[in-house]
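# Analysis of the macromolecular model
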Amino acid sequence: MQPQDVIRRKRDRQVLTPAEIDFFVQGATDGSVSEGQIGAFLMATWLNGMTQPEITALTLSMRDSGRVVDWSDSGLPPERIIDKHSSGGVGDEKITLIVVPLAAACGVIVPNLSARGLDYCAGEHDMLDAVPGYDTTPTPERFMAAVKDVGGVIIGPTLDLAPADRKLFFVRDVTATVESVALITGSIMSKKLSSAPSGLVICVGSGSGAYMSTIEQARELATAMAEVGAGAGVPSVMLLTDLDCVLGTTVGNAVGVVETVDFLTGDERDPRVLELVLEIVAEMALMAGVVTDLDEGRALALARLEDGSGADRFGRMIAALGGPADFVRDPAGYLPGAAVSRAVLPVQAGFVAGMDAKEIGLSLVGLGGGRTRPDEAIDFGVGITHVAGVGARVGPDAPLCVVKARTEAEWETAAARIREAVRVVDAAPAPLGSTIRERLRRDP
Ligand code: URA
């Protein structure tokens, strides 16, 4: 078998066998399949899709490209090991950074493998790479020791854990092949199954800021992931979320880490982020058996947020993986900044009625905060802050956002793109409803 045989069969809408998928995935991982061939395979899959058995085979092959963590000698109660993930959205990337330490503070054990930025969405892996000293690709032993010590930590895929995702991800990022149920399921679920949780809570967003445009597509993605989880013996809860506008107030890497710390310490809490965080942690706590119902879970999550133990766990996570021990006290002091930082004013005064969140995510890529080539270094310091949410009044004294850029020219380009992306109207629109639109539960 040659890599091009597999690509050709997918190009010609054939159903691939598990052996063909495994041949390709293992070749992508060990380098015998080239980046060009990976790109062609991804585009053929994006165009022609995969059946559920193919998606399952892809996921298991990606998981088995590396090791699966074995917690049996760790002394940790397996039923309390519950992980979370998000299928991605503009501004959504900070949710995992908030949830993992907060859930740990509630008694859930969270071994989390997260993602880099992908096309127009930033990613947790890049955000944590912005923290000096933090090791996002530790050995499995260091990862497990940190989970045991802190209760929850976030890393990326490594050479040992889901290495195939590292390879495919870099190519997906820059080849317009992200929005595929098969490829997202393989990427997310291979990472999730590598850390061997007893349950999963996954947010699946839809709207202009998400990879799935409609709730029907989000449901399809959620069902595919739940099916893979159930087949591997892992129950899941899928929260279908509305990501039609930027979630929270920042878009970017260092700025998202600062928003995370501000949220955990109580300096600033966006209400939509708060609602979602409490719901995810409540579901995780319920799955872990730490609480007996969701109301108790929400109350526990809020209590741990307000007593500062979520912030404390975040600080311990940073220190456990090599970052500064006092990071939480002054995150901005440790993170890179940007040469130009100025407010973007709207063309006309009024109220924000909606936005094309994808365009705002793409403006981060234009600023240098995302990649246009697989091997590109990104600038962690650029970003967008103080994003005016739907319903906010904007005008000469109330900006749309603040853009942090490397140069005046890049600031101007991003500002023009954001002004174009945000819809401003004369009268205040109806307030946004809940971020959570639907919930799917699936047992093995
Ligand atoms: N998160 C991931 O880990 N992978 C994707 O493909 C999308 C979001």
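Below you will find a few notes about this structure.

Calculation notes
- Residues numbered from 1 in each chain as written.
- Predicted model: local features only at pLDDT ≥ 70, side-chain atom pairs only at ≥ 80, totals over all residues.
- Heavy atoms only, no water.
- Helix = DSSP H or I, 4+ residues; strand = E, 2+ residues; numbered from the N terminus.
- Buried < 20%, exposed > 50% of the residue type's maximum accessible area, 1.4 Å probe, protein only.
- Arc of directions from axis to C-beta.
- Contact = heavy atoms within 4.5 Å.
- Near = heavy atom within 4 Å.
- Polar contact = N/O pair within 3.5 Å; in protein donor to acceptor, adjacent residues only side chain to side chain.
- Areas by Shrake-Rupley, 256 points an atom, 1.4 Å probe, with all protein chains shown as cover.
- 1 Å grid on protein atoms, 1.4 Å probe; cavity = no way out; pocket = protein on both sides within 12 Å on 5 of 7 lines; lining within 4 Å.
- Sits in = over half its atoms within 2 Å of the grid points.
- Phe/Tyr/Trp six-rings, centres within 6.5 Å; stacked < 30°, edge-to-face > 60°.
- Lys NZ or Arg CZ within 6 Å of the ring centre and 35° of its normal.
- Points joined across faces, edges and corners; volume = space filled by probe spheres on them.
- Nonpolar A, V, L, I, M, F, W, Y, C, P; charged D, E, K, R; others polar.
- Salt bridge = Lys/Arg side-chain N within 4 Å of Asp/Glu carboxyl O.

## Section: the environment of Val 90
In this fold, Val 90 is placed in the loop between strand 1 (82–86) and helix 5 (94–105). With relative accessibility at 1%, the residue Val 90 sits in the buried group. Each C-alpha atom of the pair Val 90 and Leu 274 lies 16 Å from the other, and the pair is 184 residues apart in sequence.

## Points about helix 1 (residues 3–11)
Those residues of helix 1 lying buried are Pro 3, Val 6, Ile 7 and Lys 10. For helix 1, the angular spread of buried residues about the axis comes to 100°, placing them on one side. For helix 1, the secondary structure elements touched by its buried residues are helix 2 (18–30), helix 3 (35–48) and helix 4 (52–63).

## A look at the site of the ligand
Within the structure, the ligand sits among His 85, Ser 86, Ser 87, Ala 115, Leu 118, Phe 169, Arg 172, Ile 184, Ser 187, Ile 188 and Lys 191. In this structure, His 85 approaches the ligand through a side-chain N or O atom, which is 2.9 Å from an oxygen atom. Taking Ser 187, its side chain carries an N or O atom lying 2.7 Å from a nitrogen atom of the ligand. Burial of the ligand by the surrounding chains reaches 96%, relative to a free accessible area of 240 Å². Put simply, the ligand lies in the largest cavity. Secondary-structure elements contributing two or more residues to the shell around the ligand are strand 1, helix 8 (163–173) and helix 9 (181–194). If one sorts the elements of the shell around the ligand by residue count, helix 9 sits on top with four residues.

## Focus: the packing of aromatic side chains
This structure, assessed with the given rule, holds four aromatic pairs. Ring centres 4.3 Å apart and planes at 25° place the aromatic pair Phe 24 and Phe 41 in the stacked group. A residue pair is termed long-range when its members are at least 10 positions apart, and Phe 24 in helix 2 and Phe 41 in helix 3 qualify at 17 residues. Each member of the pair, Phe 24 as well as Phe 41, is classed as buried. Counting every residue linked through ring pairs, the aromatic cluster contains Phe 314, Phe 327 and Tyr 334. Over the ring of Phe 263 we find Arg 269; its NZ or CZ atom is 5.6 Å from the centre of that ring.

## Looking at the layout of surface pockets
Of the volumes computed, that of the largest pocket is approximately 330 Å³. Lining the largest pocket we find 18 residues, and of these Thr 250, Val 255, Val 258, Thr 385 and Lys 404 sit closest to its centre. It is helix 11 (residues 254–265) that contributes the most residues to the lining of the largest pocket, five residues altogether. The residue makeup of the lining of the largest pocket, split by class, is eight nonpolar, six polar and four charged.

## Details of the pattern of salt bridges
If you walk through the whole model with that rule in mind, you get 28 salt bridges. The closest approach of N and O atoms between Arg 63 and Asp 64, which form a salt bridge, is 2.8 Å. A relative accessible area of 41% places Asp 64 in the partly exposed class. Of the charged contacts, one joins Glu 283 and Arg 439 as a salt bridge, the two residues approaching to 2.7 Å between their closest N and O atoms. Placement of the pair is Glu 283 in helix 12 (residues 271–288) and Arg 439 in strand 13 (residues 436–442), with a sequence separation of 156 residues. With relative accessibility at 1%, the residue Glu 283 sits in the buried group.

## Some thoughts on empty space enclosed by the protein
Rolling a probe over the atoms, with the probe sized like a water molecule, indicates the empty space that remains. On inspection of all chains with the given rule, the structure shows five cavities of 30 Å³ or more. Approximately 200 Å³ is the volume found for the largest cavity. Looking at the largest cavity, it is lined by 21 residues, and the ones nearest its centre are Ser 86, Ser 87, Gly 88, Ala 115 and Tyr 211. Looking at the lining of the largest cavity, the elements with two or more residues in it are strand 1, helix 8 and helix 9. It is helix 9 that provides the largest number of residues to the lining of the largest cavity, a total of four residues. Partitioning the lining of the largest cavity into residue classes produces eight nonpolar, seven polar and six charged. Estimated volume of the second largest cavity: approximately 80 Å³.

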